[in-house]
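Coordinates in review
Spelled out from the first residue to the last, the chains are:
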Amino acid sequence: MLEQYLPFVALIVFGNIENLVLSSQGVVAGVNPVKLGIASFICVGMWLAIGTFGTQLLINYVDFINFIGGAAILILGAQAMITSIRGE
């Protein structure tokens, strides 16, 4: 069963790291931690469902999905770091 997810391992690992960066950015910005936690659980549940069913439907496009996902992670990470460096 896990074999179908192996092409997405890098995206999963770096996506989770990005989620941690964005969550910490929310905490630093003063967001209510309870609301942030609830929103995080909702998003994780949605991504679990999308990833489970989407993998089965779109496995033929794994290279394209990894590229787009990696680009999104890179852009969001850069945005979070630039904002942190500026102190905003």
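Please refer to the structure higher up on the page.
Here is what the cut-offs are and how they apply
- Residues numbered from 1 in each chain as written.
- Predicted model: local features only at pLDDT ≥ 70, side-chain atom pairs only at ≥ 80, totals over all residues.
- Heavy atoms only, no water.
- Helix = DSSP H or I, 4+ residues; strand = E, 2+ residues; numbered from the N terminus.
- Areas by Shrake-Rupley, 256 points an atom, 1.4 Å probe, with all protein chains shown as cover.
- Axes fitted to C-alpha atoms, helices over the stretch in contact; angles between N-to-C directions.
- Parallel < 35°, antiparallel > 145°, perpendicular 65-115°, else oblique.
- Left-handed = near helix turned anticlockwise from the far one by under 90°.
- Contact = heavy atoms within 4.5 Å.
- Patch = residues over 30% accessible without salt bridge, like charges linked within 9 Å, V, L, I, M, F, W, Y side chains within 5 Å.
- Salt bridge = Lys/Arg side-chain N within 4 Å of Asp/Glu carboxyl O.

A look at the overall build of the chain
Within the chain, the regular secondary structure consists of 3 helices and 0 strands. Reading the helices (α) and strands (β) of the chain from amino to carboxyl end gives α-α-α. In terms of its C-alpha atoms, the chain occupies a principal-axis envelope of roughly 40 × 25 × 15 Å. Of the roughly 6,800 Å² that the chain leaves accessible, carbon and sulfur atoms contribute 77%.

Let's talk about the packing of helix 1 (residues 9–28) against helix 3 (residues 62–86)
Here helix 1 crosses helix 3 at 25°, and the two axes come no closer than 10 Å. As the angle between them shows, helix 1 and helix 3 are arranged roughly parallel. When the axes of helix 1 and helix 3 are compared, the crossing they make is left-handed. Seen from helix 1, the contacting residues are Leu11, Phe14, Gly15, Glu18, Val21, Leu22 and Gln25; seen from helix 3, they are Ile65, Asn66, Gly69, Gly70, Ile73, Leu76, Gly77, Gln79, Ala80, Met81 and Thr83.

Focus: a nonpolar patch on the surface
Residues Val34, Ile38, Ile42, Met46, Trp47 and Ile50 make up a contiguous nonpolar surface patch of about 660 Å² in total accessible area. Tracing the chain through its elements places Met46 in helix 2 (residues 33–58).

Remarks on the environment of Ser23
By the element assignment, Ser23 lies in helix 1. Note: C-alpha distance between Ser23 and Ser40 (17 residues apart in sequence) is 8.1 Å. If we ignore the near neighbours within four places in the chain, the residues touching Ser23 are Leu36 and Ser40.

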